[in-house]
Every structure is written in C-alpha cells, then in structure tokens.
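Examination of the molecular architecture
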Amino acid sequence: TAALAGAVPVALNGLSIRLVSSDPALAARLSPGNADFAVAAATRRAGQDSGTRDPAVRRLVARALARGVADPAAIELGALEAGADGDGHREARLFELSNAISRRSLGTRFWLIQNAVRGGDVAGALGNFDIALRTSTDATATLFPILANATADPTLSAPLARLFDRPSD
C-alpha cells in the first residue's frame, strides 16, 4: 500500500504534464503543488474570462507564488493584479523583481518598454527592446512593427540607428 500511495501523486503529475497545454485548470487541480500548472491555469483563465480580478485567478496566482516565489510568470501575474487594483507602486516593484530574476521574461520586458515610453525614457525603452529581441524569438513579431513605425519619429531615428548598428552577439 505504501508503494501505491507513492505512485498516485507521480501518476497524477504525469497526467497533469500531458493535460497542461489543453486543460491547465484540470492539470492544476490534479497537481495542486505545482506552480507551473497554477500559472498556466491562471493565465488561461485570465485571458478567457474576467482578467486578473477574477477570484479564481487570484487564488491560482497566490498558489503559484507560494510554490514558486522566484517564478517570473507568477510574479508577472501578481504585478498585473496590482495594476488592475490601481496599485501602480506594487505593480512596478513586482515587474522590477521579475526583471531582476530573469531578463528573458517577455511579459516583463513589454511592461518595462511601456513604462519607459510613459516616462519619456527613449534609451530605456530601446534598451528593453534590444534585450527582448535578443532573448525571445516571440518578440520579433510584436516589436518589429513598433520599431518600424518609430523610425518616422525624428527624435527616435538616431537612437534606433545606434540600436541596429551594434554588432550582434
């Protein structure tokens, strides 16, 4: 019976791994201790339903943060919750934390770009564009059209030229 008791969680986790892309909510229910499954379920539900203000999304985010305190995706969801609540200071602190943990988080990078643009920080925005383009293949489809439109702005043409003229890693 001890072997069976140990095998059940392993089997449920294996099933959850198979389900996470098609039904992340079920995967999170089957493996409640897995932060990645909770993040996937929260992300799916927030995108399909009422956003990050949904109590179910908030419970999933809290669970994910309790299990994976250094998970940028969970931190981003917490930051989005703070933004939805109008707590811009907490939102900024959480996105900065996500940035400190990983420079590869595209959601964090997008927020940092938008925040720099809101603050009139051209160099900061372009620096984050550069990081996003170097660390994520998914960034290209979103960021290149924005950069192409920005070339029409005379105040941005010189900084953009410097950004694209640097040698590539």
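Residues numbered from 1 in each chain as written. Predicted model: local features only at pLDDT ≥ 70, side-chain atom pairs only at ≥ 80, totals over all residues. Heavy atoms only, no water.

Now for the packing of aromatic side chains. In total, this model carries one aromatic pair according to the counting rule given. Note on Phe-95 and Trp-111: the rings are 4.7 Å apart at their centroids and 10 degrees apart in plane angle, and the pair reads as stacked. Pair noted here: Phe-95 is in helix 6 (residues 88-101) and Trp-111 is in helix 7 (residues 106-118), with a separation of 16 residues, a long-range link. Assessed through its relative accessible area of 2%, Phe-95 is described here as buried. (Phe/Tyr/Trp six-rings, centres within 6.5 Å; stacked < 30°, edge-to-face > 60°. Helix = DSSP H or I, 4+ residues; strand = E, 2+ residues; numbered from the N terminus. Buried < 20%, exposed > 50% of the residue type's maximum accessible area, 1.4 Å probe, protein only.)

The biggest cluster of nonpolar side chains holds 16 residues, and the ones touching the most others in it are Ala-42, Leu-60 and Ala-64. Elements with a contribution of two residues or more to this core: helix 2 (24-30), helix 3 (35-48), helix 4 (55-67) and helix 5 (72-84). In terms of residues, this core owes the most to one element, helix 3, which gives seven residues. Aside from chain neighbours lying at most four places away, what touches Leu-60 is Ala-28, Ala-38, Ala-41 and Ala-42. In terms of nonpolar packing, the next biggest core, distinct from the first, is built from eleven residues, Leu-106, Phe-129, Leu-147 and Ala-150 among them. (Core = buried A, V, L, I, M, F, W, Y, C linked by side-chain atoms within 4.5 Å. Contact = heavy atoms within 4.5 Å.)

The subject of this paragraph is the packing of helix 5 against helix 6. Contact geometry for helix 5 and helix 6: axes closest at 8 Å, N-to-C directions at 165 degrees. Considering the angle they form, helix 5 stands roughly antiparallel to helix 6. When the axes of helix 5 and helix 6 are compared, the crossing they make is left-handed. Counted together, Pro-72, Ile-75, Glu-76, Gly-78, Ala-79, Leu-80, Ala-82 and Gly-83 of helix 5 and Arg-90, Glu-91, Leu-94, Phe-95, Leu-97, Ser-98 and Ile-101 of helix 6 form the full contact between these two elements. Residue classes in the contact of helix 5 with helix 6 are distributed as nine nonpolar, three polar and three charged. (Axes fitted to C-alpha atoms, helices over the stretch in contact; angles between N-to-C directions. Parallel < 35°, antiparallel > 145°, perpendicular 65-115°, else oblique. Left-handed = near helix turned anticlockwise from the far one by under 90°. Nonpolar A, V, L, I, M, F, W, Y, C, P; charged D, E, K, R; others polar.)

Under the defined criterion, the tally for this structure stands at four salt bridges. Here Arg-45 and Asp-54 are joined by a salt bridge, their closest N and O atoms 2.6 Å apart. With relative accessibility at 34%, the residue Arg-45 sits in the partly exposed group. Of the charged contacts in the structure, one is a salt bridge between Arg-58 and Asp-85, with a shortest N-O distance of 2.7 Å. Here Arg-58, found in helix 4, pairs with Asp-85, found in the loop between helix 5 and helix 6; they are 27 residues apart in sequence, far enough to count as distant. Classification of Arg-58 as partly exposed rests on a relative accessible area of 25%. Since its relative accessible area comes to 41%, Asp-85 is described here as partly exposed. (Salt bridge = Lys/Arg side-chain N within 4 Å of Asp/Glu carboxyl O.)

Here we take up the confidence of the model for the chain. The predicted model of the chain has a mean per-residue pLDDT of 84, with 89% of residues at 70 or higher. Taken element by element, the predicted model of the chain shows its lowest mean pLDDT in helix 1 (residues 2-19) (70) and its highest in helix 6 (95). (pLDDT = per-residue confidence, 0-100.)

Let us now look at the side chain of Thr-108. Mapped onto the secondary structure, Thr-108 falls in helix 7. Among the residues examined, Thr-108 registers a relative accessible area of 0% and is labelled buried. In this structure, Thr-108 is in contact with Glu-76, Phe-95, Ser-98 and Asn-99, ignoring residues within four places of it in sequence.

Let us now look at the packing of helix 3 against helix 5. For the pair helix 3 and helix 5, interaxial distance at closest approach is 9 Å and the crossing angle is 40 degrees. When the axis of helix 3 is compared with that of helix 5, the two are oblique. In this structure, helix 3 meets helix 5 at a crossing whose hand is left-handed. Of the residues in helix 5, those in contact with Val-39, Ala-42 and Thr-43 of helix 3 are Ala-73, Ala-74 and Leu-77. Here the contact of helix 3 with helix 5 is built from residues that sort into five nonpolar, one polar and no charged.

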